[in-house]
Amino acid sequence: MSLIAVTGATGYIGGRLVPRLLRNGHQVRVFTRDAQRLRDIPWHDEVEIIEGDLEDAEAVNRLCRGVALVYYLVHSMSGTRNFAEQEKSCAAIMARAAKQQGVEQVVYLSGLHPQGQLSEHLASRVAVGKILASSVDTLVLQAGLVIGSGSASFEMIRHLSDVLPVMPAPRWVTNQVQPIAVRDALHYLVCAAQLKEPVQGVYDIGGPKAYSYAQLMKIYARCAGLREPSVWALPLLTPRLASHWVNLVTPLPRTLASALVQSLQHDCVMGSREIDTLIPPPAEGLCDYPRAVELALEKIEADAVETTWATAHPLSSPAEPLPSDPQWAGRKSYSDVRRATTTASAPELFQVVQRLGGDSPYFAFPTLWKLRGLLDKLAGGVGSRRTRRSKSTLALGDVLDWWRVEALQQDRLLRLRAEMRVPGQAWLEYRLSPQENGETELVQRAVYFPRGLWGRCYWWAVYPFHGIIFPATIKNIVTAAEHDNQQV
């Protein structure tokens, strides 16, 4: 089999595509800004890893060297002013490298879109496809809403339907969209590697039927055993207001919510089924939306979610890690350190620590944590509703609420970096140390680097709450570990 390169391998689609290519016998090279983020992924040792940035022409050339096929699965969902120009620049660098290194085929996952004027994000995706196709044979697959456990589109539908029995919505809620199950999107991507000849062209992919967005929410509610929401289309609810509303009610940050809302302003359905002449549908047929929802819910219930949108969309990347203590000299920092010892072993204690957030909201004062998340949401942050990939285990790069796993050593260390909106940088760390007497010491440390006067004011404003929350948190973690130990 020829060598295949995958960009966006830590993303929602890329993280699922790579293991399927490996199972089909392909050799795979992946491209990532931070190779460490792949450490805990099961297929880490089966791929070649190139570390670099798409704006680095030398790194992109290394990625393309000796490669027959490149999957281009990166796009920006940021709200930065120059994101469109940045995407075009990255695409141009990839196009030049692919041509210079003799890449035969590029496969680019773009978005379904209507004719006429497009949102800035959709227009950027179309432009990227044209730039790639100008230098090398490029197969552009245009997909609409991707429905699967952990996808941004599914989480948006799920949380809107779960939270709101009566839903005020903009007029676009009646527009037609054609969702595609993630398994079908992956079918087309995997089959693209089996094509006998390079292909130059744009093809729409989607599920068997189109629905209004209101129908998507009602069908989800039926599949989830919920009461169908009553959806009211209001002409006064602008895309900007709708973005804020989605940001507040769902786990999606405002920038991602805005991009999704913009893409729903018009009907987004397949223009043709020409893809069937190139890649036949799956042997069992395309998965319709209700079945895609059922499959996603089954994955969530079984704690078997492969990838999530949240892991794929860090708010600050590359992350700035917590400096080691000697480097703190000359920098203003605050910390809150708590210690406890327990008869539970380090593995038993670590299993409990990994359950932070999610169904075990920090083991103490869950209402206060939820209030802090709500305040972050109102400030435009991620809040406390980002879905964990797994209920019971964590991996590097995983998210839980407004935290991201920055360091993870099994049975020894868990360090979380805050991605909430605060005037500074914050971390929460747990260290486990077996003692000579057979007990385990747990050290809980919150560290904060303030930014300017407001950063210092913030620390002292929340300091009284630390004195209540943090002692109870470490105590309850130890109690839970000892209880689990007694149950065995």
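Along each chain, numbering runs from 1 in the same order as the chain's sequence is written. The model is predicted, so local features are restricted to residues of pLDDT at least 70 and side-chain atom pairs to those at 80 or more, both for listing and for counting; the totals for chains, interfaces and linings are taken over all residues. Each side-chain value is derived from all of the structure's non-hydrogen atoms; neither hydrogens nor water enter the calculation.

### Some remarks on the overall build of the chain
Okay, step 1: Helix numbering and strand numbering both begin at the N terminus, where a helix is a DSSP run of H or I of at least 4 residues and a strand a DSSP run of E of at least 2. Within the chain one finds 15 helices and 19 strands.
Okay, step 2: Buried positions account for 53% of the 488 residues belonging to the chain.
Okay, step 3: Considering only intrachain contacts with a sequence separation of at least 6, the fraction spanning at least 24 residues in the chain is 75%.
Okay, step 4: Computed with a 1.4 Å probe, the accessible areas rest on the Shrake-Rupley method; for each residue, only the protein chains presented here act as cover. As displayed, the chain offers around 21,600 Å² of accessible surface, 52% of which is attributable to carbon and sulfur atoms. Relative accessibility under 20% of the residue-type maximum defines a buried residue, over 50% an exposed one, and the middle range a partly exposed one, all with a 1.4 Å probe and only protein chains included. Note on contacts: a residue pair is in contact if any heavy atoms of the two residues lie within 4.5 Å.

### Overview of the pattern of salt bridges
Okay, step 1: Whenever a carboxyl oxygen of Asp or Glu lies within 4 Å of a side-chain nitrogen of Lys or Arg, that contact is scored as a salt bridge. Enumeration over the complete set of coordinates arrives at 18 salt bridges.
Okay, step 2: Linking arginine 39 and aspartate 40 is a salt bridge whose minimum nitrogen-to-oxygen distance equals 2.9 Å.
Okay, step 3: Residues glutamate 298 and arginine 291 are paired through a salt bridge, measuring 3.5 Å at the closest nitrogen-oxygen approach.
Okay, step 4: Exposure remark for glutamate 298: the relative accessible area of 44% places this residue in the partly exposed category.
Okay, step 5: Several salt bridges converge on common partners, so that one network encompasses Arg404, Glu406, Arg415, Arg417, Glu419, Glu429, Arg431 and Arg445.

### What about the packing of helix α5 (residues 152-163) against helix α11 (residues 289-301)?
Okay, step 1: Packing of α5 against α11 leaves a shortest axis separation of 12 Å and a crossing angle of 90°. Between α5 and α11, the angle falls in the class roughly perpendicular. Residues Phe154, Glu155, Ile157 and Arg158 of α5 form the contact with α11, whose own contacting residues are Tyr289, Val293, Ala296, Leu297 and Ile300. Angles shown run from 0 to 180 degrees and are taken between the N-to-C directions of axes, each axis being a line fitted to C-alpha atoms and, for helices, limited to the stretch in contact. Note that the term roughly parallel is reserved for angles under 35 degrees, roughly antiparallel for angles over 145, roughly perpendicular for angles of 65 to 115, and oblique for everything else.

### A word on the environment of aspartate 53
Okay, step 1: Mapping aspartate 53 onto the fold places it in the loop between β3 (48-51) and α2 (57-64).
Okay, step 2: For aspartate 53, a relative accessible area of 27% translates into the label partly exposed.
Okay, step 3: For the pair formed by aspartate 53 and aspartate 34, sequence separation is 19 residues and the distance between their alpha carbons is 9.1 Å.
Okay, step 4: Separated by 2.8 Å, the side chain of aspartate 53 and the backbone nitrogen of glutamate 55 make a polar contact. Pairs of N or O atoms are called polar contacts if they sit within 3.5 Å, as long as, within protein, a hydrogen donor faces a hydrogen acceptor (for residues adjacent in sequence, only side-chain-to-side-chain pairs).

### Observations regarding unusual backbone geometry
Okay, step 1: Positive phi, close to 65°, is recorded for phenylalanine 363, a residue that is not glycine.
Okay, step 2: On the secondary structure map, phenylalanine 363 appears in the loop between α13 (346-353) and α14 (366-378).
Okay, step 3: Under the relative-accessibility criterion, phenylalanine 363 is labelled buried at 17%.
Okay, step 4: In this structure, phenylalanine 365 is a non-glycine residue whose phi angle is positive, near 50°.
Okay, step 5: When you line up the elements, phenylalanine 365 lands in the loop between α13 and α14.

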